[in-house]
Amino acid sequence: MTLDPKIPPGPLPQQWDARRKALRTLDPSAAQGYRVIIVGTGLAGASAAATLAERGFQVEAFCFQDSARRAHSIAAQGGINAAKNYPKDDDSIERLFHDTIKGGDFRSREANVYRLAQISNAIIDQCVAQGVPFAREYDGYLANRSFGGVKVRRTFYARGQTGQQLLLGAYQAMMRQVQAGRVRVHPRTEMLDLVVADGEARGIVVRDLVSGEVQACAGDAVVLATGGYSTVYFLSTNAKGCNVTATYRAHRRGAWFANPCFTQIHPTCIPMAGHYQSKLTLMSESLRNDGRIWVPNRQGDTRPPAEIPEAERDYYLERRYPSYGNLAPRDIASRAAKAVCDEGRGIGPGGQGVYLDFADAIRKLSRKTIEERYGNLFDMYQEITDEDAYAAPMRISPAPHYAMGGLWVDYHLMSTIPGLFVIGEANFSDHGANRLGASALMQGLADGYFIVPLTVADHLAGRPAGRRGSAAHPAFAAARREVEERTQRLLGVRGTRTVDAFHRQLGKLMWDECGMSRSAQGLTRALAEIPRIREAFWKDVAVLGGGEELNQALEKAGRVADFLEFAELMCRDALHREESCGGHFRVEHQSSDGEAKRDDARFCYVAAWQFADDGQPPVLHREPLTFEAVPLSERSYR
């Protein structure tokens, strides 16, 4: 099998329109004969469910939360990008495309990124029509602010609640289709395996998280919208429930995993307060519009920030990256914070934080203006830290946040398994080695509202309605049996260590060796240590209770078991990629002044890994990347 990205011929600006016109369609009456399974009800999943149902398809939507509104998309704070150019600062589709390619350090597919930029404006129109309460200027135009890695204001926002408001828009669109009888939502239900029959995705196996019942659901196509896997690090900004199980189980069934080592460390998180923490809290990147980041000049300076004069402060992002300053991209800002902390100039407990200071902004703009822009974020910070960020600088530090890697998909967002589509953060396609802020919401809604409904319809138009058969197919029984056996195996260990203890151990190893920086020596150590942790897990994990009831320890155990396999794939991918690009920073491959050093001659490709078998190394496949519209160049933000 070879990788065919199915990129349309012709100039980039014309590719999507040409392909869209060529895609086959189904009229609503014909579409009623097809069932589409969607796993995940965040922005990508809910928007896809709503739009596919609007086109006539019968949709089965699954989520493990108690409500579709609890999806992790709700946590996105800062905004969503689009190229409408309301501030009149020379923005355009071409500029958004260029910034995204450069921001991803030339490791994303040009055709997909250009399409994303084209669709961005339609997303804003769609969401305004739904009633999403974007901030507005006095003249009535939607307001915009800046985000990292760009020099224009293109980020639309609803205070610090943009993800929540966008999700409510997608949710109400989906619930309209529930009312119409075309969508059925299955909450508290977790996908534990993909069913592949006759070489195509035909359904999923799920567990009811309340009753413990294991069931199979058959469909004509399956859409995974299950988010990212940064919880592999244990501590992250992600919700505790975020996991890799759906995509990793699909990987084991034949879906190739692309660039799994590409993860993002967000520079603006509340620092860890103690070893007892189970997650970290994100402070929106939008704060970097007005906040200035600094550390003391002197090592070990423990004075309160108000007692450190300006002459003894290092505004290190403004010093190192004068062109972008505090709005340098996330990967660069995170590594710069790590560098000053490694020098002994970090602040707070453990010396792993830096200051985000609003004193200058309050003096220039007034406290009232800052409250209007970021009030709910300041309130959240005070609730968590008991510190007033209006009176003293916020303390922030880098933390795992987003996964640029994901299942490989072609231009139609279909994986290497026919009939299995992957959208949003669960696929690899749009962000390369680093995601620019406010682009995650853009991708999720572009995939869900505007792309996958068309490409799923095209896929199904060539297949007779009802061809899926039913869950009586032998492949369903086999997959269900495997899930039940794995569940019983987890319950049967009856060990002495909690699931969280193993997850924390794995997370620390991954953070140390495959986190903000990586080295051949550290990755080799991790690849030797992960199998030992995995072996200990299956001998000594404690999963109390039974399988026929609500059992959160069992849920977590299954997810951590998958992390213990997936982490090995991440490290293998990071070890093979002997270059530094974006969030993947190999210490052996850096410039004399500590910047990432790409190797375009050897690694200008997507690394897509094929599962071989248990105990066998995965097989590497390469999709070459070509850059015609934005020629390969040094990625500089100085």
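Calculation rules
- Residues numbered from 1 in each chain as written.
- Predicted model: local features only at pLDDT ≥ 70, side-chain atom pairs only at ≥ 80, totals over all residues.
- Heavy atoms only, no water.
- Helix = DSSP H or I, 4+ residues; strand = E, 2+ residues; numbered from the N terminus.
- Buried < 20%, exposed > 50% of the residue type's maximum accessible area, 1.4 Å probe, protein only.
- Phe/Tyr/Trp six-rings, centres within 6.5 Å; stacked < 30°, edge-to-face > 60°.
- Pairing = 2+ DSSP bridges.
- Axes fitted to C-alpha atoms, helices over the stretch in contact; angles between N-to-C directions.
- Expected span 1.5 Å × (residues − 1).
- Bend = angle between axes of the 7 residues up to and from the residue.
- Polar contact = N/O pair within 3.5 Å; in protein donor to acceptor, adjacent residues only side chain to side chain.
- Parallel < 35°, antiparallel > 145°, perpendicular 65-115°, else oblique.
- Left-handed = near helix turned anticlockwise from the far one by under 90°.
- Contact = heavy atoms within 4.5 Å.
- Nonpolar A, V, L, I, M, F, W, Y, C, P; charged D, E, K, R; others polar.

Novice: Is there a simple way to explain unusual backbone geometry in this structure?
Specialist: Generally, phi is negative for residues other than glycine and the peptide bonds are trans, each holding for most cases. Backbone geometry at Asp-386 places phi at a positive 60°, although glycine is not the residue there. With respect to the element layout, Asp-386 can be found in the loop between α11 (367-385) and β15 (394-403). The backbone of Ala-438 shows a phi angle near 75°, a positive value even though the residue is not glycine. When you line up the elements, Ala-438 lands in the loop between β17 (420-422) and α12 (440-461). Residue classification places Ala-438 among the buried positions, given a relative accessible area of 6%.

Novice: Whenever I open this one, the packing of aromatic side chains confuses me. Can you help?
Specialist: Ring pairs (aromatic) are described by centroid distance and by the angle formed between their planes. Counted by the stated rule, this structure contains 22 aromatic pairs. Pairing Trp-16 with Tyr-411 gives two aromatic rings, centres 6.0 Å apart and planes at 70°, and the pair type is edge-to-face. Of this pair, Trp-16 sits in helix α1 (residues 12-22) while Tyr-411 sits in the loop between β16 (406-407) and β17, and the two are 395 residues apart along the sequence. Exposure class is identical for Trp-16 and Tyr-411. Each is buried. Ring centres 4.7 Å apart and planes at 40° place the aromatic pair Trp-294 and Tyr-355 in the tilted group.

Novice: Sorry, what's going on with the sheet that holds strand β1 (residues 35-39) here?
Specialist: In a beta sheet, neighbouring strands are held together by backbone hydrogen bonds and run either parallel or antiparallel to one another. Overall, parallel pairing links the five strands, which are arranged β5-β2-β1-β9-β17 in an open sheet. The sheet is open, and its two edges are formed by β5 (183-186) and β17, each paired on a single side. On average, each strand axis in the sheet is tilted by 20° relative to the strand beside it, whichever way the strands run. As paired strands, β1 and strand β9 (residues 221-224) are joined by four bridges and run parallel to one another.

Novice: What is the right way to read helix α16 (residues 552-576) from this model?
Specialist: Two residues of an α-helix separated by three or four positions point the same way, owing to the 3.6 residues in each turn. Between the first and last C-alpha of α16 there are 36 Å, a value that for 25 residues agrees with the 36 Å anticipated at 1.5 Å per step. Along its length, α16 reaches its greatest deviation from straightness, about 25°, at Glu-565. For α16, the buried fraction is high: 20 of the 25 residues fall into the buried class. The N-cap of α16, judged by a side-chain oxygen 3.2 Å from the amide nitrogen of Ala-553 a few residues on, is Asn-551.

Novice: What is the right way to read the packing of helix α14 (residues 499-514) against α16 from this model?
Specialist: The packing of two helices is summarised by the inter-axis angle and the distance between the axes. With their axes 10 Å apart at the nearest point, α14 and α16 run at an angle of 20° to one another. Relative to α16, the element α14 is oriented roughly parallel. At the point where α14 passes α16, the crossing takes the left-handed sense. Seen from α14, the contacting residues are Val-499, Asp-500, His-503, Leu-506, Met-510 and Cys-514; seen from α16, they are Ala-553, Lys-556, Ala-557, Val-560, Phe-563, Leu-564, Ala-567, Met-570, Cys-571 and Ala-574. When its residues are assigned to classes, the contact of α14 with α16 shows 13 nonpolar, one polar and two charged.

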